Amino acid sequence: MSENTQAEQKPKKANYSDQVKARIFDQEFMPHVNSMYNFAYRLTFDEDDAKDLVQDTYLKAFRFINSFDKGTNAKAWLFRILKNSFINEFRKKSKQPAKIDYNEVEQYYNSDDAGESITTDLRVETIQHMIGDEITGALNNIPVDFRTVIILSDLEGFTYEEMSKILDIPIGTVRSRLHRARNMMKEKLSVYAAEMGYNKKKDND
Amino acid sequence: MTKFSEWFKDTFQKCYCDQGNLVNEKRFEEIVQLVLDDEADEESRRIFEEKIKNCVKSQTTFEKEKHLREKLRQKLSEHKTEMPENLIASIRKSIAQ
């Protein structure tokens, strides 16, 4: 993948006046800054890095604003730029380099027996005992590409089609990756619950 | 989005209640995901709803996944990081330069 986002590579579709650019920026881009920051933070785990990533994303969005069709899905467009910035630029200089070989994980979870090995009996009651920190910890401990689909779907409410565009992957891959990601998270939570004795607490209640 | 109805029907044909076989649990999980993510087309959703009306095993699995998903989403949503106060000002400053 090139250094630039696809949005940046597209030929200009519009030639907005400064006034229209400012309006698009304020009314269509800025309302998503909080979601963008949370997405960036969940990718980087660092407040300064997340801030830099969001700032960089908005700068690019403004620079390439003529590639954006006003009134269309600004949130998905911005998330796509942020995701590409994270992969192409940020990951290289990240303070927290990737510890897991993504290809290895993907190969494993694509294997036929992957489904067989993930058998969790995670109960709603177990989750109720946990606090947000513990659930977030489980999410943070799954590889970034799997973590990303959970964030986009369950926290940001993107459809499979939107996620497919944001992540540059086919819809079928979105579906299977999301399924595996959720199973990975359940597995992490089950192991954690067993270690902390949450199931035992429930049984003794 | 592709229509899943044939896939749904095929999976349900092997279900416990109809054939005396266990439903293909891995496929059923994926079907539940499509339904909960609101990605199943209308016909598939209808087939699914009909199925869980008549199959205790399917309904139990669906309800469990639904509640688990809701709880996880709720806990994750509550645990958001506060955006730095100066972020908006920094963005505006950077684009003004």
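Quantities reported herein were computed from a predicted structural model and do not represent experimental measurements. (Residues numbered from 1 in each chain as written. Chains lettered and ligands numbered in written order. Predicted model: local features only at pLDDT ≥ 70, side-chain atom pairs only at ≥ 80, totals over all residues. Heavy atoms only, no water.)

Student: Give me the overall build of chain B: which residues, what numbers.
Tutor: Within chain B, the secondary structure is distributed over six helices and zero strands. Listing the helices and strands of chain B from first to last along the sequence gives α-α-α-α-α-α. Within chain B, the proportion of its 97 residues that are buried is 41%. If you take every contact in chain B between residues at least 6 apart in sequence, the share linking residues at least 24 apart comes to 59%. (Helix = DSSP H or I, 4+ residues; strand = E, 2+ residues; numbered from the N terminus. Buried < 20%, exposed > 50% of the residue type's maximum accessible area, 1.4 Å probe, protein only. Contact = heavy atoms within 4.5 Å.)

Student: Just give me the short version of unusual backbone geometry, but keep the residues and values in it.
Tutor: With a phi close to 60°, A:Phe45 is a non-glycine residue in the positive phi region. For A:Phe45, the location among the structural elements is in the loop between α3 (33-44) and α4 (47-63). The phi torsion at B:Asp38 lies on the positive side, around 60°, for a residue other than glycine. The topology assignment puts B:Asp38 in the loop between α3 (25-36) and α4 (42-54).

Student: Any chance you could break down the packing of aromatic side chains for me, citing the residues and the numbers?
Tutor: Taken as a whole and assessed by the stated rule, the structure comprises 11 aromatic pairs over all chains. Both rings, one in A:Phe68 and one in A:Trp77, keep their centres 5.2 Å apart while their planes meet at 50°; by these two values the pair is tilted. Taking the relative accessible area as the measure of exposure, A:Phe68 reaches 1% and is therefore buried. Residues B:Phe28 and B:Phe48 carry aromatic rings whose centres are separated by 6.1 Å and whose planes lie at 25° to one another, so their mutual orientation is stacked. Taken together, the residues span a long stretch of sequence, with B:Phe28 in helix α3 and B:Phe48 in helix α4 at a distance of 20 residues. On the basis of relative accessibility, which here comes to 1%, the residue B:Phe48 falls in the buried class. (Phe/Tyr/Trp six-rings, centres within 6.5 Å; stacked < 30°, edge-to-face > 60°.)

Student: So what about the interface of chain A and chain B? Which residues, and what values?
Tutor: The interface is formed by 43 residues belonging to chain A together with 34 residues belonging to chain B. Where chain A abuts chain B, roughly 3,800 Å² becomes buried across the two surfaces, and 63% of that area is made up of carbon and sulfur atoms. Interface area lost by chain A to chain B is led by A:Tyr160, A:Arg175 and A:His179, which between them contribute 16%. The interface formed by chain A and chain B contains four salt bridges. (Buried area = accessible area lost by both parts, 1.4 Å probe. Salt bridge = Lys/Arg side-chain N within 4 Å of Asp/Glu carboxyl O.)

Student: So what's going on with the confidence of the model for chain A? Residues and values would help.
Tutor: Residue and element names in this part refer to chain A. Of the residues in chain A, 76% reach a pLDDT of 70 or more, and the chain-wide mean stands at 81. Confidence scores differ between elements of chain A, with helix α7 (residues 114-117) showing the lowest mean pLDDT of 44 and helix α11 (residues 160-167) the highest of 96. Segment residues 97-105 is flagged for pLDDT under 50; beyond a separation of four residues in sequence, or across chains, it makes eight contacts in the model. Counting contacts from residues 110-119, a segment whose pLDDT is below 50, to residues more than four positions away or on other chains yields nine contacts. (pLDDT = per-residue confidence, 0-100.)

Student: Which residues make up helix α6 (residues 87-96) of chain B, and what values go with them?
Tutor: Taken together, the buried positions of α6(B) are occupied by B:Leu87, B:Ser90, B:Ile91, B:Ser94 and B:Ile95. Buried positions in α6(B), seen along its axis, are confined to an arc of 125° and lie on one side of it. In α6(B), the exposed positions that point more than 90 degrees away from the buried face belong to B:Lys93 and B:Ala96. Buried positions along α6(B) lie against α2 (18-29), α3 and α4 of chain A. (Arc of directions from axis to C-beta.)

Student: Outline α4(A), supporting the account with residue identities and numerical values.
Tutor: Structural remark: α-helix, 3.6 residues per turn; residues separated by three or four positions point the same way. All names here are of chain A. For α4, with 17 residues, the first-to-last C-alpha span of 24 Å sits near the 24 Å given by 1.5 Å per residue. Of the positions making up α4, those classed as buried are Asp 49, Ala 50, Lys 51, Leu 53, Val 54, Thr 57, Tyr 58, Lys 60 and Ala 61. Where α4 begins, the capping side chain belongs to Asp 46, and its oxygen is found 3.0 Å from the backbone nitrogen of Asp 48. (Expected span 1.5 Å × (residues − 1). Polar contact = N/O pair within 3.5 Å; in protein donor to acceptor, adjacent residues only side chain to side chain.)

Student: Account for the side chain of A:Ser85, with residues named and values stated.
Tutor: As for its position among the elements, A:Ser85 is in helix α5 (residues 74-93). For A:Ser85, a relative accessible area of 1% gives the class buried.

Student: Go over the nonpolar core, please, and point to the residues and values.
Tutor: In terms of nonpolar packing, the biggest core is built from 76 residues, with A:Phe29, A:Val54, A:Tyr58, A:Met185, A:Leu189, B:Phe8 and B:Phe48 touching the most fellow members. Here this core gets nine residues from one element, more than from any other, and that element is α5(A). Residues from two domains meet in this core; each of domain 1 (16-93) and domain 2 (103-195) of chain A gives at least three. Discounting chain neighbours no more than four positions away, the residues touching A:Phe29 are A:Ile24, A:Tyr58, A:Ala61, A:Ile65, A:Phe68, A:Ala74, A:Trp77 and A:Leu78. (Core = buried A, V, L, I, M, F, W, Y, C linked by side-chain atoms within 4.5 Å. Domains from an automatic or database assignment.)

Student: Describe the domain arrangement of chain A, listing the residues and the values that go with them.
Tutor: Residue and element names in this part refer to chain A. We note that the domain assignment places domain 1 (16-93) and domain 2 (103-195) within chain A. Both sides of the domain 1 and domain 2 interface together cover about 1,400 Å² of buried area, and 56% of this is carbon and sulfur. Its largest share of buried area at the contact with domain 2, domain 1 owes to Arg 42, Arg 80 and Lys 83, together 38% of the area lost on that side. At the junction of domain 1 with domain 2, the criterion picks out three salt bridges. Salt-bridge contacts for Asp 168 lead to Arg 80; the nearest nitrogen and oxygen are separated by 3.2 Å. Our count for the domain 1 to domain 2 interface comes out at eight residue pairs in polar contact (both at pLDDT 80 or more). At the level of secondary structure, the elements contributing two or more residues to the side of domain 1 that touches domain 2 comprise α3 and α5. The greatest single-element share of the side of domain 1 that touches domain 2, amounting to eight residues, is contributed by α5. For the side of domain 1 that touches domain 2, the class distribution of residues is six nonpolar, three polar and five charged. (Nonpolar A, V, L, I, M, F, W, Y, C, P; charged D, E, K, R; others polar.)

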